[in-house]
Amino acid sequence: MKQYIEERAIAIANYIIASNATVRQTAGKFGISKSTVHKDVTERLMQINPSLASDARQVLDINKSERHIRGGMATREKYLHKQYGR
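Residues numbered from 1 in each chain as written. Predicted model: local features only at pLDDT ≥ 70, side-chain atom pairs only at ≥ 80, totals over all residues. Heavy atoms only, no water.

Points about the packing of helix 3 (residues 34-48) against helix 4 (residues 50-81)
Running from amino to carboxyl end, helix 3 crosses helix 4 at an angle of 155 degrees, the nearest separation of the two axes being 7 Å. Considered as vectors, helix 3 and helix 4 are oriented roughly antiparallel to each other. The element helix 3 and its partner helix 4 pack so that their crossing is left-handed. For the pair helix 3 and helix 4, contact is made by His38, Val41, Thr42, Leu45, Met46 and Ile48 and by Pro50, Leu52, Ala53, Ala56, Arg57 and Leu60, respectively. Of the residues assigned to the contact of helix 3 with helix 4, the class counts are nine nonpolar, two polar and one charged. (Axes fitted to C-alpha atoms, helices over the stretch in contact; angles between N-to-C directions. Helix = DSSP H or I, 4+ residues; strand = E, 2+ residues; numbered from the N terminus. Parallel < 35°, antiparallel > 145°, perpendicular 65-115°, else oblique. Left-handed = near helix turned anticlockwise from the far one by under 90°. Contact = heavy atoms within 4.5 Å. Nonpolar A, V, L, I, M, F, W, Y, C, P; charged D, E, K, R; others polar.)

Here's what the structure looks like:
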């Protein structure tokens, strides 16, 4: 594996752990795709640093379990702030 990929995977994991970031937020921060973030954390990082991978995976699992709640809240906010033309 190339050195810059290893460094990126470690940086991604540290960012996710420090900020409780979602895959989407992390992808935006690093300018890469969501699938690259996922692959870096779940596959590549396991070869480099399994304990760091485990910690990052815990954060991502929590975010995944809560995503339906965040989506519902976003929809609610959208309709609360929408002005109806009557």
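Overview of the side chain of aspartate 40
Looking at the element boundaries, aspartate 40 is found in helix 3. Of note is the side chain of aspartate 40, whose polar atom sits 2.5 Å from the side chain of arginine 44. If sequence neighbours within four positions are ignored, aspartate 40 has contacts with Ile5, Arg8, Ala9, Ile12 and Leu45. (Polar contact = N/O pair within 3.5 Å; in protein donor to acceptor, adjacent residues only side chain to side chain.)

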